[in-house]
Amino acid sequence: WDNADFSRGVGTTFYQEFFTLNTAKPPFIRDVEAKVRRYLRSSYSAVWTLKITWEKAPVYAAWTDTRKTITYQAVLTTDGFRSYILMLYQDGGMQWDYTRLPSTNVLIGYT
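Residues numbered from 1 in each chain as written. Predicted model: local features only at pLDDT ≥ 70, side-chain atom pairs only at ≥ 80, totals over all residues. Heavy atoms only, no water.

A.B. asks: Kindly report on the side chain of Asp79, identifying the contributing residues and their values.
C.D. replies: Within the fold, Asp79 resides in the loop between strand S3 (69–78) and strand S4 (83–89). Residue Asp79 is classed as buried on the basis of its relative accessible area of 14%. At a separation of 2.7 Å, a polar atom in the side chain of Asp79 contacts the main-chain amide nitrogen of Arg82. (Helix = DSSP H or I, 4+ residues; strand = E, 2+ residues; numbered from the N terminus. Buried < 20%, exposed > 50% of the residue type's maximum accessible area, 1.4 Å probe, protein only. Polar contact = N/O pair within 3.5 Å; in protein donor to acceptor, adjacent residues only side chain to side chain.)

Structure follows, in structure tokens:
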């Protein structure tokens, strides 16, 4: 998912799972559904969603510099038939200097 390095005790990763089949949906899930509907112009009602957050994650190798971090989220969601992922990056949150990474062919996203 990323090239983050938490070995120096800087930054954190956490997740939250939402089961929403036949339950009241929290505002976060309603927002995810609205984004999927808006971007894909289709109806969508989530039954399961997983939110993963990388907060203030330093770049690999962290021993070089732990001041430059990144904060972002991956939100996986499904209605039981179709599945989607939202990649959310904090505005101004990408502080990694990609020119100093071991590999310079950096991609943001997934395949």
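A.B. asks: Tell me what's going on with the packing of aromatic side chains, and back it up with residues and numbers.
C.D. replies: Taken as a whole and assessed by the stated rule, the structure comprises 4 aromatic pairs. On the numbers, 5.3 Å between centres and 80 degrees between planes, the contact of Tyr44 with Tyr84 is edge-to-face. Placement of the pair is Tyr44 in the loop between helix H1 (27–40) and strand S2 (48–58) and Tyr84 in strand S4, with a sequence separation of 40 residues. With relative accessibility at 3%, the residue Tyr44 sits in the buried group. Note on Tyr84: relative accessible area 21%, which makes it partly exposed. Taking the ring centre of Phe28 as reference, the NZ or CZ of Lys51 above it sits at 4.4 Å. (Phe/Tyr/Trp six-rings, centres within 6.5 Å; stacked < 30°, edge-to-face > 60°. Lys NZ or Arg CZ within 6 Å of the ring centre and 35° of its normal.)

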